[in-house]
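# Residue-level structural notes
Here are the chains, one letter per residue:
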Amino acid sequence: MRLAVLIVFLAGLALCALLWLRVRDARADRAAWARLAAMQPAVLQGFDPATVADLPEPAQRYFRFAIAPGTPLLPVAEIDMGGQFSLGTRDAPGFRPMRGRQILAAPHGFVWRVRLPGWIPLSGSDAGSASTSWTRFRMLGLIPLARLGGDRDHLRAAFGRYVAEAVFWTPAALLPAPDVRWQATGPDTASVTLSLGELTQTVACTVDAEGRLVAVSFLRWSNANPQKRYREQAFGGTLSDFREVQGYRLPFRVEAGNQFGTDDYFAFYRAAVTAIRFPRPVRAR
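All values derive from a computational prediction rather than experimental measurement.

Before going further, it helps to spend a moment on the overall build of the protein. Of regular secondary structure, the protein possesses 3 helices and 14 strands. At 20 Å, the protein has a C-alpha radius of gyration in line with the 19 Å of a compact globule built from 285 residues. Counting across all 285 residues of the protein, residues that qualify as buried make up 48%. A total of about 14,500 Å² of accessible surface is found on the protein, and carbon and sulfur atoms cover 57% of it. Computed over 34 positive and 23 negative side-chain charges, the inter-centroid distance for the protein is 11 Å.

This part is about the pairing of strand 9 (residues 189–196). Among the 8 residues of strand 9, 6 are classified as buried, and the element is accordingly described as predominantly covered. Sheet analysis places strand 8 (residues 180–186) next to strand 9, joined by 6 bridges and oriented antiparallel. Paired with arginine 181 across the strands is threonine 193, a residue of strand 9. Between strand 8 and strand 9, which pair antiparallel and follow one another directly, the connecting turn spans 2 residues. Bridge count between strand 9 and strand 10 (residues 199–207): 8 bridges; the pairing is antiparallel. Its bridge partner being in strand 10, threonine 189 is matched across the sheet by threonine 206. Taking the residues between adjacent antiparallel strands as the criterion, strand 9 and strand 10 are bridged by 2 residues, where glycine 197 takes a positive phi near 60°.

Rules behind the numbers
Residues numbered from 1 in each chain as written. Predicted model: local features only at pLDDT ≥ 70, side-chain atom pairs only at ≥ 80, totals over all residues. Heavy atoms only, no water. Helix = DSSP H or I, 4+ residues; strand = E, 2+ residues; numbered from the N terminus. Rg over C-alpha atoms; globule rule 2.2 N^0.38 Å. Buried < 20%, exposed > 50% of the residue type's maximum accessible area, 1.4 Å probe, protein only. Areas by Shrake-Rupley, 256 points an atom, 1.4 Å probe, with all protein chains shown as cover. Lys, Arg positive; Asp, Glu negative; His and termini not counted. Charge placed at Lys NZ, Arg CZ, Asp CG, Glu CD. Pairing = 2+ DSSP bridges.

Listed below in structure tokens is the structure:
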């Protein structure tokens, strides 16, 4: 009898600890989200194509397609998405339906909250900023499966992800600025380098004749390899289904994965965007 009571007590204690951890993580997600949303400029300027006249021609083409003249420059976006996410390998992908929400505020950070339905549902979040990053996933909404972050390697990997995503979802964040550098690499390609303190990421961009961004690629700091060791390795993807959103033309379909541009490429992330919003700027009082 005493043993049964002890077991019940310990089980209850463990459940309380898991609930506390879930609540703490949710609060961290919300706090990071609110901090990034508040970075939308309070004073908005309209896009003037003349501001990109000195950039490489493919970069000019990209901006003139992505941002209509006079469009308020909004570098912070919220993205709702469906699609598929693979938990497996190229040979056994094990794709699951995906439902996610993301806020993107390059170079300052991002938060991605996602649910993967299934007979054992999974949920969690990825986040990154100048000083911290995390990957937290749970089974059945409660049992921790992965808790990564808090180190330089993870921070650098997270920075690479959200800089690349900024190129196609928040083009206003990549306009000429002290921390943004564009370089010509070919007749239809250019690279952009974004910096934040000691963090730096270069992304290669390919555009079509109209300026539509059709592919991005970069060397991502990643441990997605058989050795599980962090190193630079090819990552990237393709973009399609461009739609107009408040003066921007943005891709609503994104496929991306490791080893982009090689025979080992596997697009484990297949996002079908359902909505893109730009948070209202905080007005100065």
